[in-house]
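Residues per chain, in single letters:
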Amino acid sequence: MADQKAPQMHATLGLTGLTSNAMALIAPGAFLWLTFYIQATEGTTSPSMWCGIVLALLLCLATAVAYAEISRLYPGTGSSYYYAEQALLSKDKAFKYARVAKFIVGWGSHLYYWVYPGVMVATTGIFVGYVVGFLYPTLMSGSNPGPVFMALVAIVFSFFVAWIASKGAGTSTAVNLAINVVQISALILFSVLAIGYRTNHPAGAPAFQYDAQTLATYTYQFQTAKDGTTLRDSSGVPLALQDAAGKAVPFTIDYPEKDASGNFLSHGSASSVLSLHKFSFVFIQATVAILILVGFESVTSMGAEAKNPTKHIPIAVIASLLIQGVACYLIEYFAANYFLNSGYTMQSAAGSAAPIGDMMIIVGDGLLGHGNGKYFMLAEALTVFLALIGTTLSCMNTGARVTYAMGKDDEAPEHFGILHAKSLSPRRAIWTLAAISAFIGVVATTLVFADGSAPTDATIAALPHGIFSSFGYSSHDAMAALPNSLLAITLTSNFGTFILYALSCLLCIVAYHKRSDYSMVKHLLIPGFGLLANLACMAAYLVVPFLGYGTWKEPYLALGISALWGIYGGIYFLRSSKSKGKAVLLSYRS
């Protein structure tokens, strides 16, 4: 066991600090930039993107209520890992399973808390690649950055965020609070401009056509070859289609629903954005959208650092989800989907490293004058980078504290359960998580443009040559046959989330069973819905590939990784119990 006389965490966080930490993990600036691309690559289901977020929000709200209720009973470090032990110890017959239950929950939560930061650092690599490609197009393609460059950024970013986390909860909270204010303001501004662009450009009006290779807009229609590729001059600028008089044909905007192949392009009206289209589409979009909403539970790992945990943690859990989910995401995703048009379609978004960045350039050109949209995009990009710091920082803090709790209980290597004497942070867990996140980030960026997002051979040929820009790109057919590494890692993180959230809803039901303050609505119906919804999303990984939505590669790869993690966990638990002489089942309450 870790020395109980070692440094202990201090209660320094109030309601504002706790809510800020949770809100930082649910970062709309980072996730709108990230997940719009991932959701756009989900094939025919993309028309239901907005409703998928609504479904994911309902699932998370049910889970948030379960977390809020159980945190009233057992405030402490470790979140659901700690709750599992306390909930079962409170029962006369089930107490003997307390150690098994808390290990299962703790181990399963690491599939989320250890993989999720890796997704974030990979996203940062893609994001930085997009910005560098925009600023220096001869060195890097903004739409298709080099895998080696993105991987290096992921490594550096992972250890940079870990350095901030190692300074302690006070420093992390101050950083997160400032980031929340900046990113929410910036994304609301983008939403207003995106909706304004759509309403000010009815079908048939002159508008801008976006070109992914030059990352710029043009007021004319492009010349195309017989195979549909855009013809360009020696500098790569698209050639203008000319009329009989030799003049450039102006580009006029339209809002087509689908192309000749049946691929979704844009919404014809605002009501189309808000429509279900098909429930199966909504369900599939929700399995990806869960990534943007997780994190509300992060404050439950800070019970030892909260001044009034039983009162403030439940409020912070619900408030963070409502502020970010309802007040930010639903508005922002509506604006981005409503903006889509013939000059920038959903297919354009699926083929770009940063579709939101592309949209910012277009609306910026409309607001500031043609050619000036890049300044608006770069200003917004800075806020997105700050949001990426905040969300990665918050998740690292949460994951490290769960690992710390397991180490302190001697359920993980003992050195994880030691706090740094000065910062009172679990530095060994933090730096270990940084190394894991860096590794996962490298893997996630390796094939980020594979499968459905594989670039055309013409796009690959046009990439600047060099180890940091073109190394890792082969051919369209070869890349299309491989799984998308970012999507596979994202789905692995999401699967870990579904496991943790389902178990947490179950723990709420168990904890309040036969208590005097039991409420059927709060302690059975709501967490029961959350339990079933999370299980349904887990089952979707098995079912949807056979329904013709997307490919089987990413979801089944995610399931394989999850299965290996679970098997290894079981082996580790049994071997550790034997070597330490610890009983698997408790014979008495501790």
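These remarks concern the structure in this document.

Scoring rules and cut-offs
- Residues numbered from 1 in each chain as written.
- Predicted model: local features only at pLDDT ≥ 70, side-chain atom pairs only at ≥ 80, totals over all residues.
- Heavy atoms only, no water.
- Helix = DSSP H or I, 4+ residues; strand = E, 2+ residues; numbered from the N terminus.
- Rg over C-alpha atoms; globule rule 2.2 N^0.38 Å.
- Buried < 20%, exposed > 50% of the residue type's maximum accessible area, 1.4 Å probe, protein only.
- Contact = heavy atoms within 4.5 Å.
- Areas by Shrake-Rupley, 256 points an atom, 1.4 Å probe, with all protein chains shown as cover.
- Lys, Arg positive; Asp, Glu negative; His and termini not counted.
- Charge placed at Lys NZ, Arg CZ, Asp CG, Glu CD.
- Phe/Tyr/Trp six-rings, centres within 6.5 Å; stacked < 30°, edge-to-face > 60°.
- Disulfide = S-S within 2.5 Å.
- Polar contact = N/O pair within 3.5 Å; in protein donor to acceptor, adjacent residues only side chain to side chain.
- Expected span 1.5 Å × (residues − 1).
- Patch = residues over 30% accessible without salt bridge, like charges linked within 9 Å, V, L, I, M, F, W, Y side chains within 5 Å.
- Salt bridge = Lys/Arg side-chain N within 4 Å of Asp/Glu carboxyl O.
- Core = buried A, V, L, I, M, F, W, Y, C linked by side-chain atoms within 4.5 Å.

1. With respect to the overall build of the protein
Part 1: The helix and strand inventory of the protein stands at 20 helices and two strands.
Part 2: For 590 residues, the compact-globule estimate of 2.2 N^0.38 gives 25 Å, and the protein sits close to it at 24 Å.
Part 3: Principal-axis analysis of the C-alpha atoms gives the protein an extent of 90 × 50 × 45 Å.
Part 4: Counting across all 590 residues of the protein, residues that qualify as buried make up 58%.
Part 5: In the protein, 78% of the contacts between residues at least 6 apart in sequence involve partners at least 24 apart.
Part 6: If you sum the accessible surface of the protein, you get close to 22200 Å²; carbon and sulfur atoms cover 67% of it.
Part 7: Of the side chains in the protein, 31 bear a positive and 27 a negative charge, and the two mean positions are spaced by 15 Å.

2. Focus on the packing of aromatic side chains
Two descriptors summarise a pair of aromatic rings, namely the distance from one centre to the other and the angle between the planes of the rings.
Part 1: Per the stated rule, a full pass over the model turns up 29 aromatic pairs.
Part 2: Measuring from ring centre to ring centre gives 4.3 Å for Tyr112 and Tyr113, while their planes differ by 25°; the resulting arrangement is stacked. Exposure class is identical for Tyr112 and Tyr113. Each is buried.
Part 3: Judged by centre distance (6.0 Å) and plane angle (55°), the rings of Trp114 and Trp565 are tilted. Residue Trp114 is located in the loop between helix H5 (98–113) and helix H6 (116–135), and its partner Trp565 is located in helix H20 (residues 553–580); the two are separated by 451 residues in the primary sequence.

3. What about the state of the cysteines?
Part 1: Under the criterion given, the structure shown has zero disulfides.
Part 2: With no disulfide of its own, Cys328 lies closest to Cys60 among cysteine sulfurs, the gap being 15 Å.
Part 3: We note that Cys508 lacks a disulfide partner, and the nearest cysteine sulfur, in Cys505, lies 7.5 Å from it.

4. Considerations on the side chain of His523
Part 1: Here His523 is to be found in helix H19 (residues 520–543).
Part 2: Polar side-chain contacts of His523 include one of 2.8 Å to the side chain of Glu69.
Part 3: Sequence-distant contacts of His523, that is, excluding residues within four places in its chain, are made with Glu69, Cys508, Ile509, Tyr512, Asp517 and Tyr518.

5. Side note on H6
Part 1: Between its terminal C-alpha atoms H6 stretches 29 Å, which fits the 28 Å expected from 20 residues at 1.5 Å a residue.
Part 2: Counting buried residues in H6 gives 18 out of 20 residues, a clear majority hidden from the surface.

6. Quick notes on a nonpolar patch on the surface
Part 1: Together, Leu152, Ile155, Phe159, Phe160, Trp163, Trp431, Ile467, Phe468 and Phe471 make up a nonpolar patch on the protein surface, roughly 870 Å² of accessible area in all.
Part 2: With five residues, helix H7 (residues 147–165) is the largest single contributor of residues to the nonpolar patch.
Part 3: Mapped onto the elements, Ile155 comes out in helix H7.

7. Describing the nonpolar core
Part 1: In terms of nonpolar packing, the biggest core is built from 168 residues, with Trp33 and Leu486 touching the most fellow members.
Part 2: In contact with Leu486, other than residues within four places in its own chain, are Leu34, Tyr37, Ile38, Val119, Ala122, Ile126, Ala444 and Val448.

8. Topic: the pattern of salt bridges
Charged atoms that come close allow side chains of opposite charge to pair.
Part 1: This structure, assessed with the given rule, holds five salt bridges.
Part 2: Lys553 is the partner of Asp451 in a salt bridge, and the nearest nitrogen-oxygen pair spans 3.5 Å. On the criterion of sequence distance, the pair formed by Asp451 in the loop between helix H15 (427–446) and helix H16 (457–461) and Lys553 in helix H20 is long-range, its members being 102 residues apart. In this pair, the class of Asp451 matches that of Lys553, namely buried.
Part 3: The shortest N-O distance in the salt bridge between Asp517 and Arg515 comes to 3.0 Å.
Part 4: Take Asp517: its relative accessible area is 37%, and that puts it in the partly exposed class.
Part 5: On the accessibility criterion, Arg515 (35% relative accessible area) is partly exposed.

9. Side note on H20
Part 1: Given a rise of 1.5 Å per residue, 28 residues ought to cover 40 Å, and the 40 Å separating the end C-alpha atoms of H20 matches this to within 8%.
Part 2: Considered for burial, the residues of H20 that qualify are Lys553, Glu554, Pro555, Ala558, Leu559, Ser562, Gly569, Phe573, Ser576 and Ser577.
Part 3: Summarising the contacts, the buried residues of H20 are in contact with H5, helix H17 (476–480), helix H18 (485–512) and H19.
Part 4: At the C-terminal side of H20, Gly581 shows a positive phi close to 70°.

10. A few points about the environment of Ser475
Part 1: In this structure, Ser475 sits in the loop between H16 and H17.
Part 2: What makes Ser475 partly exposed here is its relative accessible area of 27%.
Part 3: The spacing of Ser475 and Tyr329 is 146 residues in sequence and 36 Å in space, taken between C-alpha atoms.
Part 4: The residues touching Ser475, leaving out its near neighbours within four places in the chain, are Asp457 and Ile460.
Part 5: At a separation of 3.3 Å, a polar atom in the side chain of Ser475 contacts the main-chain amide nitrogen of Ala478.

Purely geometric stuff here, so don't read any function into it on its own.
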